[in-house]
Amino acid sequence: MPHQPGASYFADLEPLLEQVSKPIQYVGGELNSTVKDWHVGGHAANGDDLTVRWALMYPDAYEVGLPNQGTQILYEVINECDNALAERTYSVWPDMEALLREHDLPQVTVDAHRAVGDFDVFGLSFSTELGYTNMLTALDLAGIPLHAADRDESHPLVVAGGHAAFNPETIADFIDMAIIGDGEQAVLGVTDLIAAWKAEGRPGGRTEILARLAATGGVYVPAFFDVDYLPDGRIQRVSPNRGGVPWRTSKHTVTDLDEWPYPKTPLVPLAETVHERMSVEIFRGCTRGCRFCQAGMITRPVRERSITGIGEMVEAGLAASGFEEVGLLSLSSADHSEIAEMTKGLADRYEGTNTGLSLPSTRVDAFNIDLANELTRNGRRSGLTFAPEGGSERIRKVINKMVTEEDLINTVAAAYGAGWRQVKLYFMCGLPTETDEDVLQIADLAKRVIETGRQVSGRRDIRCTVSIGGFVPKPHTPFQWAAQLGAEETDARLAKLRDAIRSDKRYGSSIGFRYHDGEPGVVEGLLSRGDRRVGRVIEEVWRDGGRFDGWSEHFSYERWMAAAERGLAGTGVDVAWYTTREREQSEVLPWDHIDSGLDKDWLWEDWQEALAGGEVEDCRWTPCFDCGVCPQMGTSIEIGPTGKTLLPLSVVGGGPRPGLEA
Amino acid sequence: MGRQRTPEGPPPAPAVQKLRIRYAKRGRLRFSSTRDFSRALERALRRAGVPMAYSAGFHPHPKISYANGAQTGAASEAEYFEISTTVRVDPDKVRAALDAALPDGLDIVEVVEAQPGALADRLQASTWRVEFRTEEPGVVAAAVEALMSAERAEVTRTFKSGPKTFDVRAAVLSADVSGATDPVYAIMHMVVRHTTPAVRPDDVLTALRAVAHFEPLTPPLVTRLSQGPWDDARARVADPLAADEAVAGT
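Residues numbered from 1 in each chain as written. Chains lettered and ligands numbered in written order. Predicted model: local features only at pLDDT ≥ 70, side-chain atom pairs only at ≥ 80, totals over all residues. Heavy atoms only, no water.

## Overview of the domain arrangement of chain A
Residues and elements named next belong to chain A. Domain annotation for chain A reports domain 1 (11-250), domain 2 (277-381 + 617-653) and domain 3 (383-406 + 416-599). For domain 1 and domain 2, the distance between their C-alpha centroids amounts to 31 Å. Listed by partner, the interface residues are 10 residues for domain 1 and 12 residues for domain 2. The largest contributions to the domain 1 side of the interface with domain 2 come from Gln69, His163 and Asp182, which together make up 49% of the buried area. We note a salt bridge from Glu184 to Arg284, for which the minimum N-O separation is 2.9 Å. There are four residue pairs in polar contact (both at pLDDT 80 or more) connecting domain 1 and domain 2. Here the side of domain 1 that touches domain 2 is built from residues that sort into three nonpolar, four polar and three charged. (Domains from an automatic or database assignment. Contact = heavy atoms within 4.5 Å. Buried area = accessible area lost by both parts, 1.4 Å probe. Salt bridge = Lys/Arg side-chain N within 4 Å of Asp/Glu carboxyl O. Polar contact = N/O pair within 3.5 Å; in protein donor to acceptor, adjacent residues only side chain to side chain. Nonpolar A, V, L, I, M, F, W, Y, C, P; charged D, E, K, R; others polar.)

## Focus on the environment of Gln107 of chain A
Residues and elements named next belong to chain A. Position of Gln107 relative to the elements: it lies in the loop between helix H4 (94-102) and strand E3 (121-125). Considered as a pair, Gln107 and Leu139 are 32 residues apart in the sequence and their alpha carbons are 8.0 Å apart. For Gln107, the residues in contact, after removing those within four places along its chain, are Met57, Thr89, Tyr90, Arg114, Ala115, Val116, Ala138, Leu141 and Ala142. A polar side-chain atom of Gln107 sits 2.8 Å from a polar atom in the side chain of Thr89. (Helix = DSSP H or I, 4+ residues; strand = E, 2+ residues; numbered from the N terminus.)

## Considering the packing of helix H17 (residues 535-543) of chain A against helix H18 (residues 557-567) of chain A
Residues and elements named next belong to chain A. At a minimum axis separation of 8 Å, H17 and H18 run at an interaxial angle of 130°. Regarding the angle of H17 to H18, the classification is oblique. Here the hand of the crossing between H17 and H18 comes out right-handed. Across the interface between the two elements, Arg536, Val537, Ile538, Glu540 and Val541 of H17 pack against Arg559, Trp560, Ala563, Ala564, Arg566 and Gly567 of H18. Across the contact of H17 with H18, the residue classes tally to six nonpolar, one polar and four charged. (Axes fitted to C-alpha atoms, helices over the stretch in contact; angles between N-to-C directions. Parallel < 35°, antiparallel > 145°, perpendicular 65-115°, else oblique. Left-handed = near helix turned anticlockwise from the far one by under 90°.)

## A look at the sheet that holds strand E15 (residues 384-389) of chain A
Residue and element names in this part refer to chain A. Taken in spatial order, the four strands of this open sheet run E15-E16-E17-E18, and their pairing is parallel. Lying at the two open borders of the sheet, with one neighbouring strand each, are E15 and strand E18 (511-515). Ignoring which end each strand starts from, the neighbouring axes of this sheet average 20° apart. Pairing between E15 and strand E16 (residues 422-429): four bridges, direction parallel. Note on E16: the bridge partner recorded for Leu384 is Val423. The sheet contacts of helix H14 (residues 436-457) involve E16, strand E17 (463-470) and E18, and relative to E17 the element is tilted by about 160°. Contacting E16, E17 and E18, helix H15 (residues 487-503) crosses the sheet at an angle of about 170° to E18. (Pairing = 2+ DSSP bridges.)

## A closer look at empty space enclosed by the protein
If you roll a probe as big as a water molecule over the atoms, it shows you where there is empty space left. Residue and element names in this part refer to chain A. Scanning the model with the defined rule gives five cavities of 30 Å³ or more in all. As a volume, the largest cavity reaches approximately 130 Å³. Looking at the largest cavity, it is lined by 16 residues, and the ones nearest its centre are Tyr26, Thr89, Val92, Val108 and Val110. Mapped by element, the contributors of at least two residues to the lining of the largest cavity are strand E2 (84-91) and H4. Here the lining of the largest cavity takes three residues from E2, the largest share from any one element. In the lining of the largest cavity, the residues fall into 10 nonpolar, six polar and no charged. (1 Å grid on protein atoms, 1.4 Å probe; cavity = no way out; pocket = protein on both sides within 12 Å on 5 of 7 lines; lining within 4 Å. Points joined across faces, edges and corners; volume = space filled by probe spheres on them.)

Spelled out as structure tokens, the structure:
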């Protein structure tokens, strides 16, 4: 029987589920998941199909992908449209991939087990570049040609989003388009354009719809741009190759977060996932100005959700999901203008319900014990985590992480004094201008933390864990011109730090040391700051079996380096050229035509300021320093305080729901 | 400073009622594991507003105990667990609220107030239905007969502690086969006594392969139909909640 578009493959899949690990990840049916009629948008009088169908993928394993907020938001926003539907798909593990190939079955969604190839749009959200090989697996299993140039009318439009899409050039061969920035409003705009094009009978085919999307200035279509190179391998220029395509593609910015209270009904998986909680994004953007931080730079300006909006989302989300922990997400959650009122109000509301609150990202200088106590009042007291990022005062000035050693010591002293036993500290290695000395000061800092903790707590059993990884320079940051530290140098510096921590018997056993090898960082660096020539490397790696590069048990540095040798042959450039080479001001960077709002001249000035050890304040509390985003994007800072408070509720979980009593 | 930390606030409210609950694992949710179910259940109890009793300490847990769950991949009409509440509740209302709060395919079948006696002691045997969608009934029947006429049928399975070899035959109290030839379809019904280690349906399949070289083309669909006290006199598996129901009904 020929395959009907939109038909379920579950019956074919079911026997395979007996043979794979964790089969629950493939069956769908999660609480709050949605399956819509394949023809929910109906047909035109002439029979034309009017439904716009999105297959959304987070290109990692289900356990990592399901909790992803971006994917959940888009899934819900699209499914609220009368004429559209969205289903989810995740990367299948190698055991399932082998079985799908053996039985000639496609990549399917988890919701209705429909073939990804049957959808109109295949959207992938890339939080990190290490998902690129997984995209190729999914395309191949879906029966979609790997190269955009080889696709025809029968194939979905392949679109990339997420933070990694701010440099879509390394995957330019494989995607039809990229949407930069906030996705919730943008997907609706794209849906409308596709719906209109389908209603017209799909005039001009694939090229026409891509041209209409590109003409908005908010959708980047790599095929509509040519890249010319200089003899030395640098980019000469990137220019549109057809009329009606703007030279630069702008990021999307949602201005009022209270208008977008998603996810309203969080997905509740049966399978175990990496974040077992519901999340509410309390603000988006960050202007602390840490120079290494791509997320902070590309999500400007700061837009807060109101305290009352947050209260409503928590109430509705807990009622819909039954989660026992609420994560108050943002890039630096304690910076919300009403964080104290919010945490106290929520802790009061959920008193006695065993509902925990967590702030996954907290700055040392914004943290205080009152806040910490509110967070643990109804839930569990886990360790405290802070990210000084740099070991020495000097390097913290270079990265503009304006946290002094005294801030840190005072904060941990208060924490140990209030009964915490465990503090985790995050650092980076390989920051611009860094020397061994800067990194070795991490050991001194950790020892001072332990010494202080022992004094204030009067106990010996307190602990501090130092976690450190290699710094990877990212596009759209002041460090986009910087030389990355090589893998060997990174490892050597980390080894010296490890020895310095372990050498002192008085502290060694109280300080844990966790580090990431330098090698994966080099591959991440290649993919982050690469250009279109790197696409061949990704494809070579994938053809050689590369999958799940974010997982140390699957990642192979040797495979990547060998693939780079083959893929970059004849270009005159190599991995070192992309990673450990410092760029000059005049160099055309591969992502210059992607407009994050940041003024390139301002980024360069801030890079020079970094080299001079100069600091920049936060524009929420001091005057604007002209990063360029607000005027370029027509946006402004949206912060409180609103002066409102959270009133008590009669909440679920606090007692028997009326009607259950005997 | 320096004192041993103790949880702040009052001790948790005491449990005043224990409920015994039977649920079914149906359709695609047969692929949920016992751990998957416990996560889903804890969240469903919160959504349903069931006034759960919690353990004391820094990491309070709702008081739930699970009994003898079916393996991942097996469907079931008869899985059991118990919960304790801090307020007396109506079992029928809890059944409806909890069923509504769980995903389709994890279905609450029956809720009764627990009477004295441990539930685990009553779960002595299970009836299983094993559906072969690609096998002739005669072939399956012959294999089953070979197994039932054997003295012993040892299989080896790997446990967390390492491989273990144990007899399957003695645990299989009865087995019979029915089905059709067009389309080809065979159903085996069997009663398996709960032993240590537990003999699972896949162990029986392993034994059928060893004893009769029987290897189905596709994996069969396995469903637990019931579990409970083994009634020797009537040679059947009885209802483990019958004793609780009898008291509730008086």
